[in-house]
Amino acid sequence: MTAQHAPAIQVHGLEKSYKELRVLRGVDFDVARGSVFALLGSNGAGKTTAVKILSTLLRADAGTARVNGFDVAAQAADVRESISLTGQFAAVDEILTGRENLVLIARLRHLEDPGRIADDLLERFSLTEAGARKVSTYSGGMRRRLDIAMSLIGDPPVIFLDEPTTGLDPRARIEVWQAVRELAARGTTVLLTTQYLDEAEQLADRIAILHRGRIIVNGTLAELRRLLPPAEVEYVEKQPTLEDVFLTLVGDGDGENGHDRNLGTDAKEPR
Ligand SMILES: Nc1ncnc2c1ncn2[C@@H]1O[C@H](COP(=O)(O)OP(=O)(O)OP(=O)(O)O)[C@@H](O)[C@H]1O
Ligand SMILES: [Mg+2]
């Protein structure tokens, strides 16, 4: 398999503990190039921990991970050049304007024509009019969009979005979703974490559920739905929602007895 065709992200046997707390206990998954992969899990499941390892901010105790063909432990600098990370909490500078934030990052990355890069991104994220205003006057959705725009400077092939819409109102969430869809349409690989099941339904080509340190299910939305029999309501067949699947698998069961399922790797359903 050539590097071009290899998955953009390959994770194998990843383990991580914080003292006695075993957060990741052997996590395996691949993310195909140009696809959107959603990592779902409850609070404390280890989503941010996994993202930190993949973005070289944290070292795993065991296992391997490759991003854009590079090993996160042995080739951390190459991995960093291949990715951007938008953390769980927005990293924009409040005192600067939106445009100034973008220009600053473009300068830090030594790119040519930072002003043009900033203007292009403002337009892509519908922030042109707000661009001259201080970020302290932005709504949560505008901040998030600016945050994502900043992470796109330099066109990294792989983007990590850790809970990109937590705390946003429904309209702002839809704006962020639109931005993620555009990224995917341009061929960027996106790994996002979320606690919102509808977000995964809306955006992801594949969805994996992290529970008790392992991926207990990994598949397309259609594949996940097939895990539960459809509920018959008179003559109407009701498809289980991802929420039904999630709660059945994670629910209050202990997740360690036989719920590990991997549903093939090549199916890609239309969203
Ligand atoms: N630096 C740390 N030291 C000790 N424990 C930590 C550290 N970072 C995370 N943890 C613990 O590890 C577990 C996983 O945390 P993590 O942040 O990866 O979860 P998460 O899935 O991102 O949760 P959330 O949905 O709340 O963001 C939690 O129990 C957390 O308290
Ligand atoms: Mg987190």
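Above this note sits the structure.
Residues numbered from 1 in each chain as written. Chains lettered and ligands numbered in written order. Predicted model: local features only at pLDDT ≥ 70, side-chain atom pairs only at ≥ 80, totals over all residues.

**Digging into unusual backbone geometry**
Right, on to step 1. Notably, Ser-126 is not glycine yet its phi reads approximately 50°, a positive angle.
Right, on to step 2. Structurally, Ser-126 can be placed in the loop between helix 4 (114–124) and helix 5 (140–151).
Right, on to step 3. One non-glycine residue, Asp-155, lies in positive phi territory at about 55°.
Right, on to step 4. Topologically, Asp-155 is positioned in the loop between helix 5 and strand 7 (158–162).
Right, on to step 5. The class for Asp-155 is exposed, based on 11 C-beta atoms found within 10 Å. (Helix = DSSP H or I, 4+ residues; strand = E, 2+ residues; numbered from the N terminus. Buried ≥ 20, exposed ≤ 12 C-beta atoms within 10 Å, placed from the backbone.)

**As for helix 4**
Right, on to step 1. Of the positions making up helix 4, those classed as buried are Ile-117, Ala-118, Leu-121 and Leu-122. Burial along helix 4 is one-sided: seen end-on, the buried residues are contained in an arc of 130°. Turned more than 90 degrees away from the buried face of helix 4 sit Gly-115, Arg-116 and Glu-123, all of them exposed.
Right, on to step 2. Buried residues in helix 4 make contact with helix 3 (98–108) and helix 5.
Right, on to step 3. Of the residues flanking the end of helix 4, it is Ser-126, one or two places downstream, whose phi is positive at about 50°. (Arc of directions from axis to C-beta. Contact = placed C-beta atoms within 7 Å.)

**So, the sheet that holds strand 1 (residues 9–18)**
By way of backbone hydrogen bonds, the strands of a sheet pair with one another, either parallel or antiparallel.
Right, on to step 1. Ordered by their spatial adjacency, 4 strands build an open sheet running 2-1-4-5, and the pairing between neighbours is antiparallel. Edge positions in the sheet fall to strand 2 (21–31) and strand 5 (70–71), since each of these pairs with one other strand and no more.
Right, on to step 2. Where strand 1 meets strand 4 (residues 62–67), 5 bridges bridge the pair, whose relative direction is antiparallel. Directly across from His-12, in strand 4, lies its bridge partner Thr-64.
Right, on to step 3. Contacting strand 1, strand 2 and strand 4, helix 1 (residues 47–54) crosses the sheet at an angle of about 120° to strand 1. (Pairing = 2+ DSSP bridges. Axes fitted to C-alpha atoms, helices over the stretch in contact; angles between N-to-C directions.)

**Some details on the packing of helix 3 against helix 4**
Right, on to step 1. Here helix 3 crosses helix 4 at 130°, and the two axes come no closer than 8 Å. With respect to each other, helix 3 and helix 4 are oriented oblique. The interaxial crossing formed by helix 3 with helix 4 has right-handed handedness. Only Pro-114, Gly-115, Ile-117, Ala-118, Leu-121 and Leu-122 of helix 4 make contact with helix 3, whose side of the interface consists of Gly-98, Arg-99, Leu-102, Val-103, Ala-106 and Arg-107.
Right, on to step 2. Here the residues of the contact of helix 3 with helix 4 are counted per class, giving 8 nonpolar, 2 polar and 2 charged. (Parallel < 35°, antiparallel > 145°, perpendicular 65-115°, else oblique. Left-handed = near helix turned anticlockwise from the far one by under 90°. Nonpolar A, V, L, I, M, F, W, Y, C, P; charged D, E, K, R; others polar.)

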